[in-house]
Amino acid sequence: MSELAIKARGLSKDFGDLRAVSSLDLDVPRGQIYGFLGPNGSGKSTTIRMLCGLLKPTEGSADVLGVHVPGSTHDLKPRIGYMTQKFSLFGDMTVHENLQFIAEIYSLPVRDRAARIAELLDKYDLVPQAKQLAGTMSGGQKQRLALACAVLHHPELLLLDEPTSAVDPQSRRDFWSNLFRLAEGGTTIMVSTHYMDEAERCHRLAILDEGVKVADGTPQALQADTGMHIVEVTAEDPYAAQAVIDELAEVVSVTQLGVRLRVLIPERIGEPVRLVESALAARQLSADVRKTPASLEDVFVAATMDRPDNAT
Amino acid sequence: MKFFGRMLAIIKKEVRQLSRDRLTFGMIVGIPILQILLFGYAINTDVRNLKTAIANESNSDLSRQFIAELGQTQVVDIVGYVATPAELEEQLRRGAISIGVSIPPDFDRRTTDRDRAAINLLVDGSDPTIVGIASQLKAMPVRFDAGAAIESPPPNIEVRAYYNPERRTPVNIIPGLMGIILTLTMTMFTAVAIVRERERGNLELLINTPVTSAELMVGKVVPYIVIGMIQLALILVVGDLLFQVPMRGSIVDLYLAAGAFIAANLSLGLFISTAAKTQFQAMQVTIFFLLPSILLSGFVFPFDGMPRFAQFLGEILPTTHFIRLTRGIMLRDAALLELYPELIALAVFATVMMTAAALRFTKRLD
């Protein structure tokens, strides 16, 4: 059996004139949490839908758990769990009825059903809601139910499409600890997100921008290899400082975080701190300027900024 | 075994959701009963009591005797007397009356004159039905106290009304109404049931499970077949209790015919669901099929009276064939096999629509 749960080559999808996903190569190792980071409309959902056979790729193909996609994915369905971006369970059925339905649809042996449902209700903290209509629950509860339904049949691969976009921070933290438990149990998890802190928790991650993969690797490797100096500027007048730094031709991006500015300058430029300091001094702006390690946000900005440069 | 298990899961889910949807559940029972009451009591082609005014310029004994007899026919309801025919025309125009009876000053003399009409009927001809009813009055003999009576010639043709000798409209309407109600509910419920699933995102979840298209479709349709059969029973019972609609043929034949008809409508509903993106669109398309089903199926207007092109369209619609089946079985005691062309038409329609729906429905989103 292959070491890779997913191996995609040249995966592309057009919607009319729009190229939603462009020549995507992906290698997702088994038993890992693989993150898919990108803004809305970057092609994350489209990619996940292609991988589970919901959409037919315009070009390219993938090998998902040894099954060729596009192709007959009927044998693949029982082996994957899929959680849609929008809550897609039945709002007019209770939590227990939803789980019961999913158990029946996946042909779980009748004698195992009750035990499995009880186990999931307990594990995902849904016991008090068992008899509640799913549509009346909070965002976090709905999300736990969706995850419980997605894993009920013990899938080898979980595809989660922005599972945390509609829940509060506490629910997000709990959700991620559930994902780690699943990964420890051997489940491969592919999860799309636009939260940096979530991306940081993944074993590996790919950054997607306008349908193109712009970076791929472990979070640590990506942070170590942005190709950028990260210069942090703490200024009394951050607004004025930003205007000055923005004018520098060498600067790729300036982002304001409270009183601090994060400035991205390509690595080929020597002495980036001096560059910024002198520019500010020339305008009589006092500021503390120092180099810092890259955050995942910097990686994201650098990766998506890079593209127009590469294109020209 | 897995096939039945998954199908059963879909059926159970559908019934469960249906039982929680009070409005839809109410419609299942409400639509047939309301429609049968409305149509049964409201539609009446045997028109009586047309509003009538009289301008009696003769004012003779003979004319007053005629007016009294006219009132007894029950065809007219005399609502007023005016002085001149011009006033009758004015009342007609205002819509106050449907018929104006103008009795000329020389009425008595005219009754003996073979060449001139004794009475003028002014009829609101904008509704052809009223003209038809008013024409019945032509057969009324104008009697005389004195002078030689003109004997009306003995009739050459005698009409014997089979199957509905009392000419009660509900007897004809209610078997047809079965077709209309089943078209409305069966087509709309199935179309909406699947489109709703797509709108709510449930379909994206379902097609990612091992459930196959066939299991999904059959599972969604089976509960509605049962509902259709319940509706049919409701119409039969209400039709019998309130309108004494006869059931002369075999009830088994009727249910077999209904089975074929429901299959045709459900496959139409499934087909609509593969084309419609929203529940609203699904409703619109259903109405698009419903209107011709009411107007071109022979439900209201006799099929033979329609132009060739309209008949052709009517032949395509399942309702046309089902109405022929119900009227045949219920009123004329026809056996199902005698009516086999209608059955074949329903089977062909169902097969074509089901195939089209299955071809269009893929377990994909694009």
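Residue positions are given per chain, counting from 1 as you read along its sequence in written order. Throughout, the order in which chains and ligands are written sets their labels, letters from A for the former and numbers from 1 for the latter. At least 70 in pLDDT is required for a residue's local features to be given in this predicted model, at least 80 for side-chain atom pairs to be given and counted, and no such filter applies to totals for whole chains, interfaces and linings, which use all residues.

Peer 1: Any chance you could break down the packing of helix H10 (residues 251–275) of chain B against helix H11 (residues 279–295) of chain B for me, citing the residues and the numbers?
Peer 2: All names here are of chain B. Angles run from 0 to 180 degrees between N-to-C directions of axes, and those axes are lines fitted to C-alpha atoms, restricted for helices to the stretch in contact. For the purposes of this entry, the term helix denotes a DSSP run of H or I that reaches at least four residues, the term strand denotes a run of E that reaches at least two, and both are numbered from the N terminus. One can describe the packing of H10 onto H11 by two numbers: an axis separation of 9 Å at closest approach and a directional angle of 135°. The angle between the axes of H10 and H11 places the two elements in the oblique class. Our pair here, H10 against H11, has a crossing hand that is right-handed. For the pair H10 and H11, contact is made by Leu268, Ile272 and Ser273 and by Ala282, Val285, Thr286 and Phe289, respectively. Counted by class, the contact of H10 with H11 contains five nonpolar, two polar and no charged residues. By definition in this entry, angles of less than 35 degrees are roughly parallel, angles greater than 145 are roughly antiparallel, angles of 65 to 115 are roughly perpendicular, and the rest are oblique. Here a crossing is called left-handed whenever its near helix is offset anticlockwise from the far helix by less than a right angle, and right-handed whenever the offset is clockwise. We call two residues in contact when the distance between their C-beta atoms, placed using the backbone, is within 7 Å. For this classification, the nonpolar set comprises Ala, Val, Leu, Ile, Met, Phe, Trp, Tyr, Cys and Pro, the charged set comprises Asp, Glu, Lys and Arg, and every other residue, Gly included, is treated as polar.

Peer 1: Now, about the packing of helix H13 (residues 318–332) of chain B against helix H14 (residues 340–360) of chain B: what can you tell me, with residues and values included?
Peer 2: Residue and element names in this part refer to chain B. Taken N-terminus to C-terminus, the directions of H13 and H14 make an angle of 150°; their axes are 9 Å apart at the nearest point. When the interaxial angle is binned, H13 and H14 end up roughly antiparallel. The crossing of H13 and H14 is left-handed. Of the residues in H14, those in contact with Pro318, His321, Phe322, Arg324 and Leu325 of H13 are Glu342, Ala345, Leu346 and Phe349. Class assignment for the residues of the contact of H13 with H14 results in six nonpolar, one polar and two charged.

Peer 1: Explain the confidence of the model for chain B to me, using residue names and the numbers behind them.
Peer 2: Low pLDDT means the predicted atomic positions in that stretch should not be read closely. Residues and elements named next belong to chain B. What pLDDT reports is the predictor's confidence in each residue, on a scale of 0 through 100. Of the residues in chain B, 95% have a pLDDT of 70 or more, and the chain-wide mean is 86. Averaged over each element, pLDDT in chain B is lowest for helix H6 (residues 128–136) (82) and highest for H13 (94). When the criterion is pLDDT under 50, residues 144–150 qualifies, and its contacts beyond four places in sequence or with other chains add up to six contacts. As scored by the predictor, the complex reaches a pTM of 0.81 and an ipTM of 0.83.

Peer 1: Report on the confidence of the model for chain A, specifying residues and quantitative values.
Peer 2: All names here are of chain A. Across chain A, the average pLDDT comes to 90, with 97% of residues at 70 or higher. At the level of individual helices and strands, chain A shows its lowest average pLDDT in helix H10 (residues 296–311), which scores 72, and its highest in helix H2 (residues 95–105), which scores 96. Ignoring residues within four places in sequence, the model shows residues 308–312, a span with pLDDT below 50, making zero contacts including any to other chains.

Peer 1: Run through the interface of chain B and chain A, naming residues and quoting values.
Peer 2: Listed as interface residues are 20 residues of chain B and, on the opposing side, 21 residues of chain A. Of all the elements in the fold, those that place two or more residues in the side of chain B that touches chain A are helix H1 (2–20) and helix H8 (202–206) of chain B.

Peer 1: Provide a residue-level description of the nonpolar core, including the pertinent values.
Peer 2: Note on terminology: a nonpolar core is any set of buried Ala, Val, Leu, Ile, Met, Phe, Trp, Tyr and Cys residues joined through C-beta atoms within 7 Å. Residues are called buried when their C-beta atom has 20 or more other C-beta atoms within 10 Å, exposed when it has 12 or fewer, and partly exposed otherwise; all C-beta atoms are positioned from the backbone. Grouped together as the largest cluster of nonpolar side chains are 158 residues, with contacts concentrated most on Ala148, Leu159 and Met190 of chain A. The element best represented in this core is helix H7 (residues 169–199) of chain B, accounting for 17 residues. For Met190 of chain A, the contacting residues outside a window of four places in its chain are Ile6, Val28, Tyr34, Phe36, Ile48, Leu159 and Leu160 of chain A. One finds Ala53, Ile99, Val101 and Ile103 of chain B within the second-largest nonpolar core, a separate group that totals 15 residues.

Peer 1: Now, about the domain arrangement of chain B: what can you tell me, with residues and values included?
Peer 2: Per the annotation, domain bounds derive from an automatic or database assignment of domains. If you check the domain split of chain B, you get domain 1 (50–162) and domain 2 (168–360). Here the C-alpha centre of domain 2 of chain B lies 46 Å away from the C-alpha centre of domain 1 of chain B.

Peer 1: Account for the sheet that holds strand S1 (residues 4–15) of chain A, naming residues and giving values.
Peer 2: Residues and elements named next belong to chain A. Here, strands pair whenever DSSP counts at least two bridges between them. The four strands are arranged S2-S1-S4-S5 in an open sheet whose pairing can be described as antiparallel. Each edge of the open sheet carries a strand with a single partner, namely strand S2 (18–29) and strand S5 (67–69). Sheet twist, expressed as the mean angle between neighbouring strand axes with direction ignored, is 15°. Taken together, the eight bridges between S1 and S2 define a ladder with antiparallel strand orientation. Directly across from Asp14, in S2, lies its bridge partner Arg19.

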